[in-house]
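Architecture and fold: a report
Each chain, letter by letter, is given below.
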Amino acid sequence: MLTEVQARRAATGEAPVLRIEPSRGWSALRLRELWEYRELLFFFVWRDVKVRYKQTVLGAAWAILQPFFTMVVFSLIFGRYAKIDSDGLPYPIFSYAALVPWTFFATGLQQATAGMVTHANMLKKVYFPRMALPIAKVLAGVVDFSLAFVVLIGMMLYYGIVPTINTVWVPVLLLLALVTSLGVSLWMAAINVRYRDVGYLVPFIVQFWMYATPVVYPASIFPEPWRSLYGLNPMAGVIEGFRWALLGTDTAPGPLIGLSAGVAVVLLVSGAFYFRRMERTFADVA
Amino acid sequence: MSHYSIEAVGLGKRYQIVHERNRYETMRDRLAATFTAPFRQAGRLLRGQPAPGAAEEFWALREASFQVRPGEVVGIIGRNGAGKSTLLKILTRITEPSEGHADIRGRVGSLLEVGTGFHPELTGRENVFLNGSILGMRRFEIARRFDEIVAFAEVEKFLDTPVKHYSSGMYMRLAFAVAAHLEPEVLLVDEVLAVGDSAFQKKCLDKMEAVGRDGRTILFVSHNMPAITRLCPRTLLLSGGRIIQDGPSQQVVGTYLSSGLGTTAARVWNDPAQAPGDEVVRLRAVRVRAASGEATDALDIRQPVGIELEYEVLRAGLTLHPHFTLHNDEGVFVFSSFDQDPAWRGQTRPAGRYTSTAWIPGNFLSEGTCIIGAGLLTAPPQVLRFYERDVVAFQVIDSQDEDTARGGLAGRIPGVVRPRLNWQTQFFGANGHAVALPAAAGQPSREASL
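Residues numbered from 1 in each chain as written. Chains lettered and ligands numbered in written order. Predicted model: local features only at pLDDT ≥ 70, side-chain atom pairs only at ≥ 80, totals over all residues. Heavy atoms only, no water.

**Some points on the overall build of chain B**
Going by this rule: Elements are defined by DSSP. Helices are runs of H or I of four residues or more, strands are runs of E of two residues or more, and each kind is numbered from the N terminus. Classification of residues uses two cut-offs on accessible area relative to the type maximum, computed with a 1.4 Å probe and protein chains only: under 20% is buried, over 50% is exposed, and between them is partly exposed. In short, Shrake-Rupley with a 1.4 Å probe defines the accessible areas, and a residue's cover is counted only from the protein chains shown.
The helix and strand tally for chain B stands at 8 helices and 18 strands. In chain B, which comprises 450 residues, the proportion classed as buried is 48%. Counting only carbon and sulfur atoms, one obtains 52% of the accessible surface of chain B, whose full area is about 21700 Å².

Listed below in structure tokens is the structure:
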């Protein structure tokens, strides 16, 4: 890097100048700088993945146990006793296909929100683009997602569900879940630095949001046009999308997913700007 | 067009101290406010404004302007709360200034703490990469210097052990080793040398010195006056958020110590909770005394100097070893001395207030500023209860009188001590036989009182 700097200086006759001054109002996102710190982002993700299940007996099995046992409980309560409609699918795989992306979203949100406080010391001692922290926390969840996804494939084999060509949409739907999780996380993380209330609020949000999302029931219980408007909750789009892409539910959730994607992008962009606006005080209040 | 490495113009940082409001008149007001508060709060939150209240403004730093040329090593000193760390935090972009601006030319590396981001569950090897990358090193740079870092830290055998199993010494060594191998053009360092044992501190200082010789620009915040004078030719003195002096380190450190801004002839801790020490023993005061018994910060070189430690033993039954260290203003560690009073040697102490005074003989110290650090060990097992550096400082003044070690000579006399020794000179004449001198010449009665 030093040589890089020297080379640049040799080329321009001048070292790069960093200007430090007060900023006002909304600031630029500085995505280029974030890109320059991609190695740090990688190390943050790598650390979170490595550390998450250290000193646990079951280790990475937790990534599977959590959604799996939730699925078992849901199948008993909602599937067997409440007899909630499951679009004609066996209830266990119907709910598990939703719990895998939902767990990814919820864990990412919780980790990213708490991360700003647990890493407060780092915020006070060294500079890096602050957004790298929540991004890394959400990205680290992709590993857990993959493990839980393997079990989902196992369950599809067990129930004899043949994957269709629509399976290729899974990465896109994962990206949608990631964008949603990160968007909400940026908002929550930025507020959490100053107001620790958010730390107590997020578990509630996660709980209520899950029941507001078609995890234990199908979106098809709503008639159109309400079903498409359900896409205002971006996780509804993600989960209906997952069921459609993997399990072949007949409701091709076109308008619903389109709406979800739009809302997710709005959440992410607004969250990013809000985070940037708040981050200048992080070191002072963390 | 300027070619400074760092150029700060009117930097300032304002904090708001928010006091809890308590001005509700009636229960109804209070209830109403309780219900409307979340909405008002939410509006403010969106605009990114701080919470209201009887906000009081406080400037941690004000109108800080200075320039640093490439390759300069500059110290920053001042009391706690003088604005040193705020200045460094602004320059490292950890926090934004409230006014003014600064330009920094070249790649910036900062070291406000060693081991930032170290994770106890990760191994030494993993932490080197993680910490290096947090400090702004590229992965290939870390890989290239990895062996060097490990050798410096002396932890080769434990590289694949989680650092939570490291001793604190090993941990600090590894953490510093990573930081020491940063290769920025501008390095901003805060008080990181206040850790580790003295051998390691010396190693760190040597490394810092080497970094400085490499032509990097360094800003170095420290309370350690000896380190400042040794590493930095130039020093900024901060007080109350302002730069009050900027000049050669010897001079600035001298101002700091003698102006009452820093250490003085007596330091008393009125609040035991704030005093150095722990539940076993607390330091209460350190004083520099003249032979007459009065506290003083300027002494004639011929006079003995008493260093008095006043402390309170809170838990009885331990053997105590009060001690002090003496550094000169060039940062040289002149000596340390442990309580040798035979009355208490090997004896356990009852709880209560004590003073221990050591007398440094006259005609022993060199002229200039002496900086005292006070410590206390208990045994067995040996535990350092406190060591407070730079607690008091005093000036030793050498007169031009003939009855000093100077002996009436003018000019600078080098050396960290200046004992007046008993010299005897014999004249053997031209033929090799001792010759008695005329009686007036020699009076060997006033030898050094060492």
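That shown, we press on.
**Topic: the overall build of chain A**
Rules: The contact criterion used throughout is that any non-hydrogen atoms of two residues lie within 4.5 Å. Lys and Arg are tallied as positive, Asp and Glu as negative. Neither His nor the chain termini are counted. For charged residues, the charge sits on one atom: NZ in Lys, CZ in Arg, CG in Asp, CD in Glu.
When helices and strands are counted, chain A shows 13 helices and 1 strand. Listing the helices and strands of chain A from first to last along the sequence gives α-β-α-α-α-α-α-α-α-α-α-α-α-α. Here chain A holds 286 residues, and the buried ones make up 52% of them. Sequence separation of at least 24 residues holds for 80% of the intrachain contacts in chain A that already meet a minimum separation of 6. Summed over its atoms, the accessible surface of chain A is roughly 13000 Å², and 69% of this surface lies on carbon and sulfur atoms. Across chain A, the 24 positively charged side chains and the 16 negatively charged ones have centroids separated by 8 Å.

**A few points about the interface of chain A and chain B**
Quick reminder of the rule: Using a 1.4 Å probe, buried area is obtained as the accessible area two parts lose upon being combined, added over both of them. Salt-bridge detection follows one rule: a side-chain nitrogen of Lys or Arg within 4 Å of a carboxyl oxygen of Asp or Glu. Contacts described as polar in this section are N or O atom pairs within 3.5 Å, which, within protein, must combine one atom able to donate a hydrogen with one able to accept it, while residues neighboring in sequence count only if both atoms come from side chains. Amino acids are sorted into nonpolar (Ala, Val, Leu, Ile, Met, Phe, Trp, Tyr, Cys and Pro), charged (Asp, Glu, Lys and Arg) and polar (every other residue, Gly among them). By the convention used here, strands pair only if DSSP detects at least 2 bridges between them.
Counting residues at the interface gives 48 residues for chain A, matched by 53 residues for chain B. Taken together, both faces of the contact between chain A and chain B bury some 4600 Å²; the carbon and sulfur share is 57%. Taken together, the links from chain A to chain B amount to 5 salt bridges. Linking A:Asp284 and B:Lys13 is a salt bridge whose minimum nitrogen-to-oxygen distance equals 3.0 Å. At the junction of chain A with chain B, the criterion picks out 11 residue pairs in polar contact (both at pLDDT 80 or more). At the level of secondary structure, the elements contributing two or more residues to the side of chain A that touches chain B comprise helix H1 (2-12), strand E1 (17-20), helix H2 (31-36), helix H3 (38-52), helix H6 (120-125), helix H8 (170-194), helix H12 (254-279) and helix H13 (282-285) of chain A. For the side of chain A that touches chain B, the element with the highest residue contribution is H3(A), accounting for 9 residues. Taken together, the residues of the side of chain A that touches chain B sort by class into 27 nonpolar, 3 polar and 18 charged. As paired strands, E1(A) and strand E4 (residues 99-105) of chain B are joined by 4 bridges and run antiparallel to one another.

**A few points about the packing of aromatic side chains**
Defined as follows: Classification of ring pairs uses Phe, Tyr and Trp, with its six-membered ring standing for Trp, and accepts pairs whose centres are within 6.5 Å; under 30 degrees between planes counts as stacked, over 60 as edge-to-face, and the remaining range as tilted. Placement of a positive charge over a ring is assigned whenever Lys NZ or Arg CZ falls within 6 Å of the ring centre and within 35 degrees of the normal to the ring plane.
For the structure on display, the rule yields 27 aromatic pairs over all chains. Seen from their ring centres, A:Phe74 and A:Phe78 are 5.3 Å apart, and the 75° between their planes marks the pair as edge-to-face. One end of the pair, A:Phe74, and the other, A:Phe78, are both in helix H4 (residues 62-81), 4 residues apart, so they sit about a helical turn from each other. With a relative accessible area of 17%, A:Phe78 lands in the buried category. Geometrically, the ring pair formed by A:Phe145 and A:Phe149 is stacked, given 5.7 Å between the ring centres and 25° between the ring planes. Placement of both A:Phe145 and A:Phe149 in helix H7 (residues 132-158) is noted, with a separation of 4 residues, approximately one turn of the helix. Each member of the pair, A:Phe145 as well as A:Phe149, carries the same accessibility label: buried. Through pairs of rings, three or more aromatic residues link up here, namely A:Phe42, A:Phe43, A:Trp46, B:Phe129 and B:Phe146. Above the ring of A:Phe94, the side-chain terminus of A:Arg243 is found at 3.6 Å from the ring centroid. Sitting above the plane of the B:Trp59 ring, B:Arg62 keeps its charged end 3.6 Å from the centroid.

**Focus on helix H4 (residues 139-153) of chain B**
Each α-helix winds once per 3.6 residues, and so residues spaced three or four apart point in a common direction. Residues and elements named next belong to chain B. Using the following cut-off: One axis fitted to the seven residues ending at a residue, another fitted to the seven starting there: the angle between these axes is the bend at that residue.
At Arg145, H4 shows its maximal kink, close to 55°. Glu141, Ile142, Arg145, Phe146, Ile149, Val150, Phe152 and Ala153 are the residues of H4 that are buried. Phi turns positive, to about 60°, at Glu154, one or two residues after H4.

**Some details on the pattern of salt bridges**
One pass over the full model with this rule turns up 36 salt bridges over all chains. Across the pair A:Lys137 and A:Asp48 runs a salt bridge whose closest N-O atoms are separated by 3.2 Å. Of this pair, A:Lys137 sits in helix H7 while A:Asp48 is found in helix H3, placing the two residues 89 residues apart along the sequence. In this structure, A:Lys137 and A:Asp48 share a single accessibility class: buried. Measuring nitrogen to oxygen at the nearest pair gives 2.7 Å for the salt bridge that ties B:Arg145 to B:Glu148. Residue B:Arg145 and its partner B:Glu148 are located together in helix H4, separated by 3 residues, close to a single helical turn. Classification of B:Glu148 as partly exposed rests on a relative accessible area of 40%.

**Topic: the packing of helix H5 (residues 91-118) of chain A against H8(A)**
Residues and elements named next belong to chain A. For clarity, the cut-off: Angles here are taken between N-to-C directions and fall from 0 to 180 degrees, while the axes themselves are lines fitted to C-alpha atoms, restricted in helices to the stretch in contact. Oblique is the label for every angle not falling under 35 degrees (roughly parallel), over 145 degrees (roughly antiparallel), or within 65 to 115 degrees (roughly perpendicular). Take the far helix as the reference: if the near one is turned anticlockwise from it by less than a right angle, the crossing is left-handed, and if turned clockwise, right-handed.
It is the contact of H5 with H8, at a shortest axis distance of 8 Å, that shows an interaxial angle of 30°. Considered as vectors, H5 and H8 are oriented roughly parallel to each other. The hand of the H5/H8 crossing is right-handed. Side by side, H5 and H8 meet where Phe104, Phe105, Gly108, Leu109, Ala112, Thr113, Ala114, Met116 and Val117 of the first sit next to Leu174, Ala177, Leu178, Thr180, Ser181, Val184, Ser185, Met188, Ala189, Asn192 and Val193 of the second.

**Comments concerning the confidence of the model for chain A**
Low-confidence regions, as indicated by low pLDDT, have predicted coordinates that should not be scrutinised in detail. Inclusion rule: A residue's pLDDT is the predictor's confidence in that residue, given on a scale from 0 to 100.
Of all residues in chain A, 93% have pLDDT values of 70 or greater, and the mean over the chain is 87. In the predicted structure, residues 1-13 of chain A sits below a pLDDT of 50 and forms 17 contacts with residues beyond four places in sequence or in another chain.

**Let's talk about the sheet that holds strand E9 (residues 242-248) of chain B**
Residues and elements named next belong to chain B. The 6 strands lie next to each other as E5-E6-E7-E3-E8-E9, forming an open sheet whose pairing is mixed. Edge strands, defined here as strands with exactly one partner in the open sheet, are strand E5 (108-111) and E9. Across this sheet, the average inter-strand angle for adjacent strands is 15°, counted without regard to direction. Relative to strand E7 (residues 217-221), strand E3 (residues 73-77) is paired through 4 bridges, and the arrangement is parallel. By the bridge assignment for E7, Ile76 is matched with Val221. Helix H2 (residues 84-91) contacts E3, strand E6 (186-190), E7 and strand E8 (234-239) of the sheet and is inclined by roughly 145° relative to E6.

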